[in-house]
Amino acid sequence: MSAVIDNHGHAHDDHHADHGHPPGLMRWVSTTNHKDIGSMYLWFSFIMFLMGGVMALTIRAELWQPGMQIVQPEFFNQMTTYHGLIMVFGAIMPAFVGFANWQIPMMIGAPDMAFPRMNNWSFWLLPVAAILLVSSLAVGGAGVGWTMYAPLTTQAGPGMDLLIFAVHILGMSSIMGSINIVTTILNMRAPGMTLMKMPMFVWTWLITAYLLIAVMPVLAGAVTMTLTDRHFGTSFFNAAGGGDPVLYQHIFWFFGHPEVYIIAIPAFGVVSQVIPAFSRKPLFGYASMVYATSSIAILSFMVWAHHMYTTGMPVAGQLYFMYATMLIAVPTGVKVFNWVATMWRGSLTFETPMLFALGFLFLFTLGGFTGLVLAMTPVDVPLHDTYYVVAHFHYVMVAGALFSALSGVYFWLPKWTGNMYDETLGKWHFWLSMVFFNITFFVQHFLGLAGMPRRIPDYNLQFTAFNQISSIGAFGFGLTQLLFLYVVLKCIRSGEKAPDKPWDGADTLEWTHLPTPAPYHTFENPPTVK
Amino acid sequence: MNDAVLTETAASNRQTLRRLLVVALLMFGFGFALVPMYEKICEVTGARNVFLPDDVSTQNTQVDFSRKVSIEFDANVQRLEWTFKPVEPYLDVHPGEMTQVVYEIRNTLDRPVTGQAVPSYGPREAAQYFKKIECFCFQQQTLGPGEVRRLPVVFVVDPALPKSVNTITLSYTFFEVAGTRKNPG
Ligand code: HEM
Ligand SMILES: [Cu+2]
């Protein structure tokens, strides 16, 4: 390894005393290396993904038929709550932070993140938060929904307090991680790497990190108010003391809608790297992509009450939020157009990363359309809190964000591990995921339109058939992800040696300037970007 | 990369860190600032006045607190061996105020009896302003031998009641319902 580093001019030794890393576990506890930390984020995210998945399957097993079968209603509600929290804060967000850690320094020609020690802290807060979250189940849990609406939360048992602390710690981790990312991108780019030459993935993370710094503290504030209402006699949300539970929803969704773009925008970034690489063409409309992403981010602060059409808003408010929400479809449409235009007359090949990117493109767009349907106030009133909403956000979060993350893993795995994954198994993984995803979630549109409410452990007889289809799909989807684990392990253990640049069309620095696998230290001397 | 460049980067990194931390702290404060902002917006737009305490709704605006009406309760039986009396003989109420009173009936016979009460009002013109929401007179009452029953009446006096009326008598008469007596043999 050190031979590689010497190639890059190994003049100063004081800056990386971490060369001979400590043995065993301590290497991971004390590491400040962005690649180590990136890997830890990704593995943590996968473990959380499996955990949240088991909870989802518990939900789907209970919903196999009407009536109460295997769990109590309280436990069912806890499952929907923890499933949502774990998938959003434990699986999807850390996965993309993992990508950011691995890729941003390599893509902008920086030696590491700006604050390596803080980076270590950002990661290690996550397992702490996860343990708090899961242990809150042991003290009675809190089946309050991932949105944690008052007044249920101000009256819930002690599990709620642990949940609140877990959210605080998750927020701290995200804020520290985001500060690191913004600083790295703004200050540590290689000479010649102007902002408008940065790879799209880096741009999307710059925007996302700003969003995180702006809204995570607001969420922290909201749960802090819940905490003080519970224990210190304040009445932010407590109607008996002059507070207003609807206020909670406003504060939460001021965080919550930008949050859905915190999940979506890095996913846009990954896809914006993958589609050009497999079309062997540069990204179509790069500048418009940057502006579209920025405007999505800004607009996302102005539409939060589309989650609250049924709270008794004045008509003027409903109209404003309806039109503002629909406006977001414009920059989103620009992005979809650009991805399609990138493929237009490209010489396309369909390896696994490209398949997942295309899966993303189709299904995310579908999720965007159902979003537009829900954005229309009069349509949303009957659909709110039904399975239609559940279908909508799983199209944008699973087929959107998760597929994009899977695409990114297959895309960069050769660079990270030095080995190729098994292409045949990768394709199986994609097609099984694609089929089972749609079996699970497409039918939920019909359930919602027919009026089946979400977060309820029992249902009317006429919903049985669609629920059984959905449950079959869910178990298939869950099992398929074990295949993914196998593909990744096989790649690490016994994959074929990968060339420095396995994808013809890839043109960012990690492919053009670095060997495969990427050495432990890279770009100690920055490359010059023309 | 030489050391001068490195220290320079480190310094500007620290500056960026400080700025971003300030932003994060400000946004934490902004979360709390949303509370008064929300109240102000609701107040200005009239969407919901979160300052008015909830007793606006307990202060029923349909009640005329400026005057009182005395209600006298009267109870009679007609060819029926029941005792029948109001628990309270009279009550002062505000027009518009929902009120509940209780009557007590007792069947003094050793066989079941079915009766029906018929209300009447004095003065007669008060009848159209006296709104019964719940009354035992809506149904027939069957009492077993020696049974005692307490029966509620819920009523509202319409605030449109002419000013000249300040006392209303509510009078019930219980009759035995014809054809309900079971002849033993
Ligand atoms: C064109 C873009 C989008 C539009 C117009 C849109 C619109 C909406 C609307 C109106 C709702 C509220 C439905 C209701 O509760 O009755 C909703 C819910 C939701 N959306 Fe979207 N959305 C869009 C994109 C996204 C994206 C990109 C994500 C995440 C990656 C997302 C995640 C969610 C989630 C998680 C919920 C449900 C929240 C809850 O109540 O638990 N949406 N969307
Ligand atoms: Cu939203």
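These numbers were taken from a predicted model, which means no experiment stands behind them.

Asker: Requested: an account of the site of ligand 1, with residues and values cited.
Answerer: Residue and element names in this part refer to chain A. Within the structure, ligand 1 sits among 24 residues, and W146, D380, H384, H392 and R454 are positioned closest to it. Here an oxygen atom of ligand 1 and a side-chain polar atom of W146 are 2.8 Å apart. Of all the secondary structure elements, the ones that give two or more residues to the shell around ligand 1 are α9 (245-279), α12 (352-375) and α14 (387-417). Ranked by the residues each element gives to the shell around ligand 1, the list is headed by α12, at six residues. Across the shell around ligand 1, the residue classes tally to 14 nonpolar, eight polar and two charged.

Asker: An account of the domain arrangement of chain B is requested, with residue identities and associated values reported.
Answerer: As far as domains go, chain B holds domain 1 (1-51) and domain 2 (56-176). Using C-alpha coordinates to define each centre, domain 1 of chain B is positioned 66 Å away from domain 2 of chain B.

Asker: Provide a residue-level description of the confidence of the model for chain A, including the pertinent values.
Answerer: Scored by pLDDT, chain A has a mean of 93; 96% of the residues are at 70 or more. Every residue in residues 1-18 of chain A is under pLDDT 50, and counting partners more than four places away or in other chains gives 20 contacts.

Asker: Could you give me a rundown of the interface of chain B and chain A, with the residues and numbers involved?
Answerer: The interface of chain B with chain A comprises 24 residues on the first partner and 35 residues on the second. For the pair chain B and chain A, the summed buried area comes to about 2,400 Å², and 73% of that belongs to carbon and sulfur atoms. Inspection of the region where chain B meets chain A yields zero salt bridges. Viewed at the interface, chain A and chain B are joined by four residue pairs in polar contact (both at pLDDT 80 or more). Partitioned by chemical class, the residues of the side of chain B that touches chain A number 16 nonpolar, five polar and three charged.

Asker: Residues and numbers for the pairing of strand β4 (residues 99-107) of chain B, please.
Answerer: Two faces, one strand: in a regular strand the side chains alternate between the faces of the sheet. All names here are of chain B. Pairing analysis gives five bridges linking strand β2 (residues 82-86) to β4, with the strands arranged antiparallel. Considered in β4, the bridge of W82 is made with N107. Of the pairings in the sheet, the one linking β4 to strand β8 (residues 148-157) comprises eight bridges and is antiparallel in character. Paired with V101 across the two strands is V153, which belongs to β8.

Asker: For the coordination of the copper ion (ligand 2), give the residues involved together with the corresponding values.
Answerer: Residue and element names in this part refer to chain A. The protein atoms that coordinate the copper ion (ligand 2) are H257 (ND1), H306 (NE2) and H307 (NE2), at distances spanning 1.9 to 2.1 Å. Of note, the donors binding the copper ion (ligand 2) are all from one chain and are spaced H-x48-H-H. In this structure, the copper ion (ligand 2) lies 4.6 Å from the iron atom of ligand 1. Here the residue H257 occupies a position in helix α9, and H307 occupies one in the loop between α10 (286-299) and α11 (315-343), the gap between them amounting to 50 residues. Among the residues examined, H307 registers a relative accessible area of 22% and is labelled partly exposed.

Asker: Provide a residue-level description of the nonpolar core, including the pertinent values.
Answerer: Residue and element names in this part refer to chain A. Among the nonpolar cores identified, the biggest contains 187 residues, and F89, M148, W205 and W339 are the most heavily contacted of them. Take this core: its biggest share by element is 21 residues, from α9. Once you skip the residues sitting within four places of it in the chain, W205 turns out to touch F96, V97, A100, I104, I181, I185, L212 and P266.

Asker: Account for the sheet that holds strand β9 (residues 167-176) of chain B, with residues named and values stated.
Answerer: Residues and elements named next belong to chain B. Overall, mixed pairing links the five strands, which are arranged β3-β1-β9-β5-β7 in an open sheet. The sheet is open, and its two borders are formed by β3 (90-93) and β7 (141-143), each paired with just one other strand. Strand-to-strand twist of the sheet, defined as the mean angle between neighbouring strand axes without regard to direction, takes the value 30 degrees. Pairing of strand β1 (residues 69-78) with β3, which is carried by four bridges, proceeds in the antiparallel orientation. If you follow E72 over to β3, its bridge partner there is Y90.

Asker: Please set out the sheet that holds β8(B) residue by residue, giving values where relevant.
Answerer: Residue and element names in this part refer to chain B. Ordered by their spatial adjacency, four strands build an open sheet running β2-β4-β8-β6, and the pairing between neighbours is antiparallel. Single-partner strands in this sheet number two, and they are β2 and β6 (130-134). Between one strand and the next, the sheet's axes are offset by a mean angle of 30 degrees, whatever the strand orientation.

Asker: I'd like to hear about α12(A), residue by residue, with values.
Answerer: Compared with the 34 Å implied by 1.5 Å per residue over 24 residues, the 34 Å span of α12(A) between its first and last C-alpha is a close match. Extensive coverage of α12(A) is indicated by the burial of 17 of its 24 residues.

Asker: With reference to specific residues and values, describe the pattern of salt bridges.
Answerer: Taken as a whole and judged by the stated rule, the model has 12 salt bridges over all chains. Between A:K490 and A:D422 there is a salt bridge; the shortest N-O distance is 2.6 Å. Taken together, the residues A:K490 in helix α16 (residues 464-494) and A:D422 in the loop between α14 and α15 (423-449) connect sequence positions 68 residues apart. Across the pair B:R67 and B:D64 runs a salt bridge, and its minimum N-O distance is 3.8 Å. B:R67 sits in the buried class, given a relative accessible area of 12%. Each member of the salt-bridge network shares a partner with another, and the members are B:K85, B:E104 and B:R150.

Asker: Give a description of the state of the cysteines that names residues and reports values.
Answerer: All names here are of chain B. What the rule picks out here adds up to one disulfide over all chains. Here C135 engages in a disulfide with C137; their sulfurs sit 2.3 Å apart. Given an S-S torsion of about 130 degrees, the disulfide between C135 and C137 has right-handed geometry. By relative accessible area, C137 is classed as buried at 9%.

Asker: Before we move on, can you summarise unusual backbone geometry with the specific residues and values?
Answerer: With an omega dihedral of 5 degrees, the bond running from A:A150 to A:P151 counts as a cis peptide bond. Summarising the element assignment, A:P151 is placed in the loop between α5 (116-138) and α6 (152-155). Across the junction of B:G122 and B:P123, the peptide omega takes the value -5 degrees, indicating a cis bond. Inspection of the secondary structure assignment puts B:P123 in the loop between β5 (113-122) and β6. At B:R79, a residue that is not glycine, the phi angle is positive and equals roughly 50 degrees.

Asker: Can you break down α9(A) residue by residue, with the values?
Answerer: Residues and elements named next belong to chain A. Helix length check: α9 (35 residues) gives 51 Å between terminal C-alpha atoms against 51 Å at 1.5 Å per residue, within 8%. Among the 35 residues in α9, 33 count as buried, and that is most of the element. Positive backbone phi, at 55 degrees, marks R280, one or two positions downstream of α9.

Asker: An account of the coordination of the iron atom of ligand 1 is needed here, citing residue identities and associated values.
Answerer: From the protein, the iron atom of ligand 1 takes a single donor atom, A:H392 (NE2), 2.2 Å away. As for its position among the elements, A:H392 is in helix α14.

Asker: Which residues make up the side chain of A:K415, and what values do they have?
Answerer: All names here are of chain A. Mapped onto the fold, K415 is located in helix α14. Summary of buried charges: K415 has no salt-bridge partner, and the nearest side chain of opposite charge, D500, is 5.4 Å away. Side-chain polar atoms of K415 contact the backbone oxygen of L514, separated by 3.0 Å. Beyond its immediate stretch of four places on either side in the chain, K415 contacts M106, D500, E510, W511, L514, P515, T516, P517 and A518.

Asker: Would you mind going over a nonpolar patch on the surface in detail, with residue names and values included?
Answerer: A surface patch of nonpolar side chains, about 450 Å² in accessible area, is lined by A:L186, A:L195, A:M196, A:Y210 and A:Y291. One can find A:L186 in helix α7 (residues 159-187).

Asker: Go over the environment of A:V144 with me, naming the residues and quoting the values.
Answerer: Position of A:V144 relative to the elements: it lies in the loop between α5 and α6. It is 10.0 Å that separates the C-alpha atoms of A:V144 and A:M79, two residues lying 65 residues apart in sequence.

Rules of the game
- Residues numbered from 1 in each chain as written.
- Chains lettered and ligands numbered in written order.
- Predicted model: local features only at pLDDT ≥ 70, side-chain atom pairs only at ≥ 80, totals over all residues.
- Heavy atoms only, no water.
- Near = heavy atom within 4 Å.
- Polar contact = N/O pair within 3.5 Å; in protein donor to acceptor, adjacent residues only side chain to side chain.
- Helix = DSSP H or I, 4+ residues; strand = E, 2+ residues; numbered from the N terminus.
- Nonpolar A, V, L, I, M, F, W, Y, C, P; charged D, E, K, R; others polar.
- Domains from an automatic or database assignment.
- pLDDT = per-residue confidence, 0-100.
- Contact = heavy atoms within 4.5 Å.
- Buried area = accessible area lost by both parts, 1.4 Å probe.
- Salt bridge = Lys/Arg side-chain N within 4 Å of Asp/Glu carboxyl O.
- Pairing = 2+ DSSP bridges.
- Donors = N, O, S within 2.8 Å, 3.2 Å for Na, K, Ca; no water.
- Buried < 20%, exposed > 50% of the residue type's maximum accessible area, 1.4 Å probe, protein only.
- Core = buried A, V, L, I, M, F, W, Y, C linked by side-chain atoms within 4.5 Å.
- Axes fitted to C-alpha atoms, helices over the stretch in contact; angles between N-to-C directions.
- Expected span 1.5 Å × (residues − 1).
- Disulfide = S-S within 2.5 Å.
- Lys, Arg positive; Asp, Glu negative; His and termini not counted.
- Patch = residues over 30% accessible without salt bridge, like charges linked within 9 Å, V, L, I, M, F, W, Y side chains within 5 Å.
- Areas by Shrake-Rupley, 256 points an atom, 1.4 Å probe, with all protein chains shown as cover.

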